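Survey of secondary and tertiary structure
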Amino acid sequence: MRNAFASKITELAHTDDRTVLIAADIGNRMFDKFKMRFQNRFYNCGIAEQCMIGIAAGMASSGLRPVTYTITPFTTLRCFEQLRNDIAYPCLPVIIIGTGAGLSYANLGVTHHSLEDIALIRTLPNFQIYCPGDAREVELCLELAFDSDKPSYIRLGKKGEPVIHNSAPAKLGAGNSLPIKSGDKGLLLSMGNMLPIVCEASEILQKRGLRFSVHSALSVNPLPIKVIDAAIVKNQKIFIIEEHYLNGGLGSAVLEYVNDVHRGNENLIYRVGYDLKFLSGPGSQDEVRESHSMNSDSLADRIAFLLDL
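What you see is a predicted model; the values in this text were computed from it and never measured.

**Focus on the pairing of strand β11 (residues 238-245)**
- β11 sits mainly inside the fold: eight of its eight residues count as buried.
- As paired strands, strand β8 (residues 187-190) and β11 are joined by four bridges and run parallel to one another. Each residue of the ladder has a partner; that of Leu188, found in β11, is Phe239.
- The pairing of β11 with strand β12 (residues 269-274) spans five bridges and is parallel. Counterpart to Tyr245 in the pairing with β12 is Tyr274.
- In the classification by handedness, the crossover that spans β11, the intervening helix α10 (residues 250-261) and the parallel β12 is right-handed.

Here it is as structure tokens:
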């Protein structure tokens, strides 16, 4: 994902000379092409993430289109006050890129985990939240964020994620999701770096005779309400699978929406994520997923079990 971001931001900088890239001592070699072509539009703030957000706010208020880039917990947890007061309150068109989201940096311990970032940003007015599931969705999310002219948070994985879409997906209107598979047993709604795992789980379920629709939510704000509405009209179960705490993530957003608009249908919503506790102990992202039943085989078993409840 991060390589796709580097390529796309370089492309966008060609078409809009207001584009400025600001990093916090990360991704320097990855941005070599950007720096070579736009030497005066790349700034490395060092390990000073709060300053990075303040600088981006000042640039945006002067008519530029800044994009910030660093590891997810350091641009959300560490900078929450700046995101709130400097970006969200004046509604400035700053794009915040968090890389290594979820458990991408699992082996570095809890300081580098980001299982609460969506919950945090959801509390801020004006912020859009995008969670691309593969490299092509990264490109789409960047385009949508630039077009919106609003504060945007884009949550990336790390590198080497499988490509889900055979071709570049079409741009979405508000309230839409990206369809990946069709089925009649229910809806698997996922996003971000869990999307490939969910696609694998759907293949396992299909071999058991259970065909599910699979959609990439792509964003939490705006919420993909059209596919949710359609599933509820059909009285289908909706499984929301995410690499985030159960509290405050996509599943919570969907449940709140259903309570507001389709009250009485909350029993159709099943949230699948991580319990609200710190994950301790070493291990890779795949190892942590397996130990918490978030790998494809375990997900297929959980979904099949919940389907019969």
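From this point, the discussion proceeds with the structure in view.
**Let's talk about the packing of helix α8 (residues 195-207) against helix α12 (residues 296-307)**
- Contact geometry of α8 with α12 gives a least axis separation of 8 Å together with a crossing angle of 60 degrees. With respect to each other, α8 and α12 are oriented oblique. When you trace α8 past α12, the crossing you get is right-handed. Counting all contacts with α8, which are made through Ile197, Val198, Glu200, Ala201, Ile204 and Leu205, the residues of α12 involved are Ser296, Asp297, Leu299, Ala300, Ile303 and Ala304.
- Counted by class, the contact of α8 with α12 contains nine nonpolar, one polar and two charged residues.

**Quick notes on a negative patch on the surface**
- Negative charge collects at one region of the surface, where Glu200, Glu287, Glu290 and Asp297 lie side by side.
- As for its placement among the helices and strands, Glu287 is situated in helix α11 (residues 285-291).

What counts, and where the lines are drawn
Residues numbered from 1 in each chain as written. Predicted model: local features only at pLDDT ≥ 70, side-chain atom pairs only at ≥ 80, totals over all residues. Heavy atoms only, no water. Buried < 20%, exposed > 50% of the residue type's maximum accessible area, 1.4 Å probe, protein only. Helix = DSSP H or I, 4+ residues; strand = E, 2+ residues; numbered from the N terminus. Pairing = 2+ DSSP bridges. Right-handed = clockwise from strand over helix to strand, strands pointing away. Axes fitted to C-alpha atoms, helices over the stretch in contact; angles between N-to-C directions. Parallel < 35°, antiparallel > 145°, perpendicular 65-115°, else oblique. Left-handed = near helix turned anticlockwise from the far one by under 90°. Contact = heavy atoms within 4.5 Å. Nonpolar A, V, L, I, M, F, W, Y, C, P; charged D, E, K, R; others polar. Patch = residues over 30% accessible without salt bridge, like charges linked within 9 Å, V, L, I, M, F, W, Y side chains within 5 Å. Areas by Shrake-Rupley, 256 points an atom, 1.4 Å probe, with all protein chains shown as cover. Salt bridge = Lys/Arg side-chain N within 4 Å of Asp/Glu carboxyl O. Lys, Arg positive; Asp, Glu negative; His and termini not counted. Charge placed at Lys NZ, Arg CZ, Asp CG, Glu CD.

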